[in-house]
Amino acid sequence: MSNDTLLARSLAAVWHPCTQMKHHETLPLIPISHGDGVWLVDSDGRRYLDAVSSWWVNLFGHNEPRIKAAIHSQLDRIEHVMLAGFTHEPVIELSERLGSLTGLGHAFYGSDGASATEIALKMAAHFWRNTGRPDKSRFVYLQDSYHGETLGALSVTDVPIFRDAYAPLIRDNFMVMSPDARQAQAGESAVDVAERAAMQLEQTLAAHHQEIAALIVEPLVQGAAGMALYDAHYLRRARELCDRYQILLIADEIAVGFGRTGTMFACEQAGIRPDLMCLSKGITAGYLPLAVVLCSDTLYTAFYDDSSTRAFLHSHSYTGNPLACAAALATLDIFRDDAVISSNRSKAAAFSAGPFAALAAHPRIRNWRQQGMIWAGDVSDAPAGFARQLFLAALQHGLLLRPIGATLYFMPPYILNGDDAALLAHGTLAALDSVLRP
Ligand SMILES: *Cc1c(COP(=O)(O)O)cnc(C)c1O
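Conventions adopted
- Residues numbered from 1 in each chain as written.
- Predicted model: local features only at pLDDT ≥ 70, side-chain atom pairs only at ≥ 80, totals over all residues.
- Heavy atoms only, no water.
- Helix = DSSP H or I, 4+ residues; strand = E, 2+ residues; numbered from the N terminus.
- Rg over C-alpha atoms; globule rule 2.2 N^0.38 Å.
- Contact = heavy atoms within 4.5 Å.
- Areas by Shrake-Rupley, 256 points an atom, 1.4 Å probe, with all protein chains shown as cover.
- UniProt positions renumbered as here; feature names shortened; annotations may be inferred.
- Polar contact = N/O pair within 3.5 Å; in protein donor to acceptor, adjacent residues only side chain to side chain.
- Disulfide = S-S within 2.5 Å.
- Buried < 20%, exposed > 50% of the residue type's maximum accessible area, 1.4 Å probe, protein only.
- Salt bridge = Lys/Arg side-chain N within 4 Å of Asp/Glu carboxyl O.
- Phe/Tyr/Trp six-rings, centres within 6.5 Å; stacked < 30°, edge-to-face > 60°.
- Pairing = 2+ DSSP bridges.
- Near = heavy atom within 4 Å.
- Nonpolar A, V, L, I, M, F, W, Y, C, P; charged D, E, K, R; others polar.
- Axes fitted to C-alpha atoms, helices over the stretch in contact; angles between N-to-C directions.

1. Notes on the overall build of the protein chain
Helix and strand counts for the protein chain come out as 15 helices and 16 strands. Rg of the C-alpha trace for the protein chain: 22 Å, near the compact-globule value of 22 Å for 438 residues, within the 12% margin. Overall, the C-alpha framework of the protein chain stretches about 65 × 60 × 45 Å when taken along its three principal axes. Nonlocal contacts in the protein chain, meaning residues at least 24 apart in sequence, comprise 71% of its contacts between residues at least 6 apart. In the structure as shown, the protein chain presents an accessible area of about 19100 Å², 54% of it carried by carbon and sulfur atoms.

2. What to know about the UniProt feature "binding site: substrate" (unreviewed entry) in the protein chain
Sites flagged by UniProt as "binding site: substrate" (unreviewed entry) map to Trp-55, Tyr-146, Lys-281, Ser-315 and Arg-402. With the annotated positions falling across 348 residues, the maximum pairwise C-alpha distance of 33.5 Å shows that they are not confined to a single cluster. The contacts of Tyr-146, once residues within four sequence positions are left out, are Thr-157, Val-159, Phe-162, Glu-218, Ala-224 and Asp-252. Looking at Tyr-146, its side chain comes within polar contact range of the side chain of Glu-149, at 2.3 Å. With respect to the helices and strands, Ser-315 occurs in the loop between helix H10 (297-301) and helix H11 (322-337).

3. Some remarks on the state of the cysteines
Following the criterion strictly, the structure yields 0 disulfides and no others. There is no disulfide at Cys-278, and the cysteine sulfur nearest it, in Cys-267, is 11 Å away. For Cys-278, a relative accessible area of 0% corresponds to the buried category. A disulfide-free cysteine, Cys-295 has its sulfur positioned 11 Å from the sulfur of Cys-278, the nearest such atom. For Cys-295, a relative accessible area of 4% translates into the label buried.

4. Thoughts on the pattern of salt bridges
All told, the structure shown has 22 salt bridges when counted by the stated rule. Between Glu-93 and Arg-97 there is a salt bridge, with its nearest N and O atoms 3.2 Å apart. Taken as a pair, Glu-93 and Arg-97 lie in helix H4 (residues 89-102) at a separation of 4 residues, close to a single helical turn. By relative accessible area, which is 18% here, Arg-97 ends up buried. Linked through salt bridges whose partners overlap, the residues forming this network are Glu-93, Arg-97, Asp-333, Arg-336 and Asp-337.

5. Some remarks on the environment of Gln-370
The topology assignment puts Gln-370 in strand S13 (residues 365-371). Beyond its immediate chain neighbours, meaning those up to four positions away, Gln-370 contacts Leu-229, Ala-348, Ser-352 and Trp-375. There is a polar contact of 2.9 Å between the side chain of Gln-370 and the backbone oxygen of Gly-372.

6. Some words on the packing of aromatic side chains
Note on aromatic pairs: each is described by the distance of the centres and the angle between the planes. For the structure shown, the criterion picks out 16 aromatic pairs. Considering the side-chain rings of Phe-127 and Trp-128, the 4.9 Å spacing of their centres and the 75° angle between planes classify their relative orientation as edge-to-face. Both residues of the pair, Phe-127 and Trp-128, belong to the buried class. Between Phe-335 and Tyr-414, the aromatic rings sit 6.4 Å apart at their centres with planes inclined by 75°, giving edge-to-face as the arrangement. One end of the pair, Phe-335, is in helix H11; the other, Tyr-414, is in the loop between strand S16 (407-410) and helix H15 (418-436), with 79 residues separating them in the sequence. On the basis of relative accessible area, Phe-335 is assigned to the buried category, the value being 7%.

7. With respect to the UniProt feature "modified residue: N6-(pyridoxal phosphate)lysine" (unreviewed entry) in the protein chain
Feature annotation in UniProt places "modified residue: N6-(pyridoxal phosphate)lysine" (unreviewed entry) on Lys-281, given in this structure's numbering. In contact with Lys-281, other than residues within four places in its own chain, are Trp-55, Trp-56, Val-57, Ile-254, Ala-255, Gly-286 and Leu-290.

8. Points about the pairing of strand S1 (residues 32-36)
Note that S1 and strand S2 (residues 39-42) share 4 bridges and pair antiparallel. Across the sheet, Gly-35 pairs through a bridge with Leu-40, a residue of S2. Counting the residues in the hairpin turn of S1 and S2 gives 2 residues, including Gly-37, whose phi is positive at 65°.

9. Points about the site of the ligand
By nearness alone, every residue bordering the ligand is listed as Trp-56, Asp-112, Gly-113, Ala-114, Tyr-146, His-147, Gly-148, Glu-218, Asp-252, Ile-254, Ala-255 and Lys-281. Gly-113 places a main-chain nitrogen or oxygen 2.8 Å from an oxygen atom of the ligand. For the ligand, an oxygen atom lies 2.6 Å from a polar atom in the side chain of Lys-281. Of the residues belonging to the shell around the ligand, the class tally is 5 nonpolar, 3 polar and 4 charged.

10. Considering helix H14 (residues 386-396)
Those residues of H14 that sit buried are Phe-386, Leu-390, Phe-391, Ala-393, Ala-394 and Leu-395. Of the residues one or two after H14, Gly-398 is the one with positive phi, at around 75°.

11. Section: the environment of Ile-272
Relative to the helices and strands, Ile-272 is located in the loop between strand S10 (248-252) and strand S11 (276-279). Dropping the residues within four chain positions of it, Ile-272 is found in contact with Leu-235, Arg-236, Arg-239, Leu-249 and Cys-267.

12. What about the sheet that holds strand S5 (residues 138-142)?
The strand order across the open sheet formed by 7 strands is S4-S12-S11-S10-S7-S5-S6, and the pairing between neighbours is mixed. The open sheet has two edge strands with one neighbour each: strand S4 (106-110) and strand S6 (174-176). Strand-to-strand twist in this sheet, taken as the mean axis angle between neighbours without regard to direction, amounts to 20°. Sheet topology places S5 next to S6; 3 bridges connect them, and they run parallel. Within S6, the position partnered with Leu-142 by the bridge is Val-176. The sheet strands contacting H4 are S4, S11 and strand S12 (291-295), and the helix crosses S4 at an angle near 120°. In the packing of helix H5 (residues 113-130) onto the sheet, contacts are made with S4, S5, strand S7 (212-217), S10, S11 and S12, and the angle to S12 comes to roughly 30°.

Structure below.
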């Protein structure tokens, strides 16, 4: 079916996410017919390099044969069974493997990132209730944080455009300074900024620890803030302060987990272990919705009791879906079989020094930065509507780019090769010049 027909039908019947639908009177909506590695192909046969990994979920490209095979093979056994009162091999093996990768040995499942945030917040507050501290029920979050868009997640998210309309529905929590390295003042290093933020965190914890259940952070990279990077020093200090003030540490690795920042999990770079870790997005390499909250023995044990009221009575219909778990296991196999972490490390270095160097040198790009398989830069004096204009211009060059405000970023599938990276850099520069040159 042609693009035009599909467009009209979609606009009539589908309410698209994170979109003012009226903008589609002028903005194109692109009907994707299939995927091929890093490429998305529309129903008229045009190809777009997926430089944002389809909203940060895709790791190994579209149409990856090993993950497809794993899902097919699971489909011949059992597609879904409720996880209350029942269990199955994929969920057992996945929980064991995630436990041994993180040192957090108990896995509670949900379906999307935001459901993992909700689970972690509820679990943290309930933990304190079970240990006789019911007043510890509020949370600390970072400025410019993003943890999802359900109501609980919004209460620890600092993105006004997602939050303001729902302000009356959202519970008040404590916001502290972001350790974003771009806030460095004259002579300050990234570590200095991290230390300054940690000192502010300490003031908040010292004053309010009696009512605080947990601190929630996006380790190393605040993605939705515009790929704000910060030094691992902050995570070490946060771990230490949480221990001192008896506060749980929740690591939201929904975007950064599964190799995105250069290690399997971002917390590894700080050498810390959180009490709770939220995972989703890359967990199935972008194949099926799945989320998990991993937690420590201490946390789990506080719920283990004869009484149901001390249990974690939370559930989602598709909790621990076997097909999604099979996709996640195939994803972990690829990390092992293809030595993904070390191969990404050399790729990232080669792209940074090679094709992406032109972006770093561009006169209108400030703060060009890289962390693992993430690159970002801030466009100075960006015109109004820059993000939308660049998105459009990039499509003309066969690229899917989706700037956040004036921040241009690449978060490509890990299978991006040198030729793709060169195409991506050239197309981005051309799109940028067409938007910046009136
Ligand atoms: C995307 C994201 C979420 C929310 O995940 P959804 O699957 O979109 O609900 C939460 N935290 C972070 C850091 C994210 O990037």
